[in-house]
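# Results of the structural survey
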Amino acid sequence: MKTPLVIFGAGDIAELADFYFANDSGYEVVAFSVDGKYATDEVAFGRPLIPFEELERAYSPSDYSLFVALSYTQLNALRREKCKEARIKGYRLASYVSSRATVWRGFEPAENCFILEDNTIQPFARVGQNVTLWSGNHIGHHSRIGDHTFIASHVVVSGGVEIGEQCFIGVNATLRDHIRVGDRCVIGAGALVLNDAAPEGVYLGRETERSRVPSSRLRRI
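Structure report, in brief. (Residues numbered from 1 in each chain as written. Predicted model: local features only at pLDDT ≥ 70, side-chain atom pairs only at ≥ 80, totals over all residues. Heavy atoms only, no water.)

## Overview of the overall build of the protein chain
Along the backbone of the protein chain there are 3 helices and 23 strands. Projected onto the principal axes, the alpha-carbon positions of the protein chain cover approximately 60 × 45 × 30 Å. Every one of the 221 residues in the protein chain was classed for burial, and the buried ones make up 45%. Roughly 12300 Å² of accessible area belongs to the protein chain as shown, and the carbon and sulfur atoms make up 48% of that amount. Distance between charge centroids for the protein chain: 9 Å, based on 24 positive and 27 negative side chains. (Helix = DSSP H or I, 4+ residues; strand = E, 2+ residues; numbered from the N terminus. Buried < 20%, exposed > 50% of the residue type's maximum accessible area, 1.4 Å probe, protein only. Areas by Shrake-Rupley, 256 points an atom, 1.4 Å probe, with all protein chains shown as cover. Lys, Arg positive; Asp, Glu negative; His and termini not counted. Charge placed at Lys NZ, Arg CZ, Asp CG, Glu CD.)

Here is the structure:
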């Protein structure tokens, strides 16, 4: 028998969470919730949409789990705070680990993790609570991912890396082995980080420039 689940959120990530939980987990999504001021409808994705302030009246924390499906807005602070509020209400926070992710026996996700397909999490790596690992990442052995962090797709985290809390790491970024990334860092798409990153640092990869030669003049392609 599947565990009934309420998803907090009504945007794209909530719809994706609904799909993944419904098709690849031991949970059954029964409703959605948002803060009352955003509850402009009574239905989201074909299921009831309940104001968060009223949620425990309709879906008791003793009978339902909750998953907070929000993005990295405000460096994940919004998602962190909503998880805190859900715990205060008494909800157990669910996590999702794709059956198509590569994890070793004994790996147990912390609360409110969202680990999508094609992630490789090597032995002795630790992933904190409320962490999103979008598809296709490599998390090297003995690395640690801090709480409330969002890692986009195809990121390489080499062995022994320590990533702080509330970080954002963009698509195709590469972190060399045994470095430390401080709390609330932003590492942009395609960035190559070879040394420790100070807290609240912003590290941006270079954008590829357009060639002066237009495509109509290329002789080989």
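## Digging into the pattern of salt bridges
According to the stated counting rule, one finds 8 salt bridges in the structure shown. Asp18 serves as the salt-bridge partner of Arg47, at 2.8 Å between the closest nitrogen and oxygen. Highlighted residues: Arg47 in strand β4 (residues 47-51) and Asp18 in helix α1 (residues 12-23), separated in sequence by 29 residues. Since its relative accessible area comes to 9%, Asp18 is described here as buried. Taken together, the shared-partner salt bridges in this structure form one network comprising Asp35, Lys82 and Glu85. (Salt bridge = Lys/Arg side-chain N within 4 Å of Asp/Glu carboxyl O.)

## Some remarks on the nonpolar core
Ranked by size, the top nonpolar core spans 26 residues in total, and within it Ile163 and Leu175 carry the most contacts. The next biggest cluster of nonpolar side chains, apart from the first, holds 18 residues, and it includes Tyr20, Ala44, Ala94 and Phe114. (Core = buried A, V, L, I, M, F, W, Y, C linked by side-chain atoms within 4.5 Å.)

## Topic: the state of the cysteines
With the rule as written, the count across this model stands at 0 disulfides. Free of any disulfide, Cys185 has its nearest neighbouring cysteine sulfur in Cys167, separated by 5.1 Å. Overall, the relative accessible area of 0% leaves Cys185 in the buried class. (Disulfide = S-S within 2.5 Å.)

## Observations concerning the sheet that holds strand β12 (residues 132-133)
Here we have 7 strands laid out as an open sheet, ordered β7-β9-β12-β15-β18-β21-β23, and parallel in their pairing. At either end of the open sheet lies a strand with only one pairing partner, and these are β7 (96-97) and β23 (202-203). Where strand β18 (residues 168-169) meets strand β21 (residues 186-187), 2 bridges bridge the pair, whose relative direction is parallel. Within β21, the residue paired with Phe168 across the bridge is Val186. (Pairing = 2+ DSSP bridges.)

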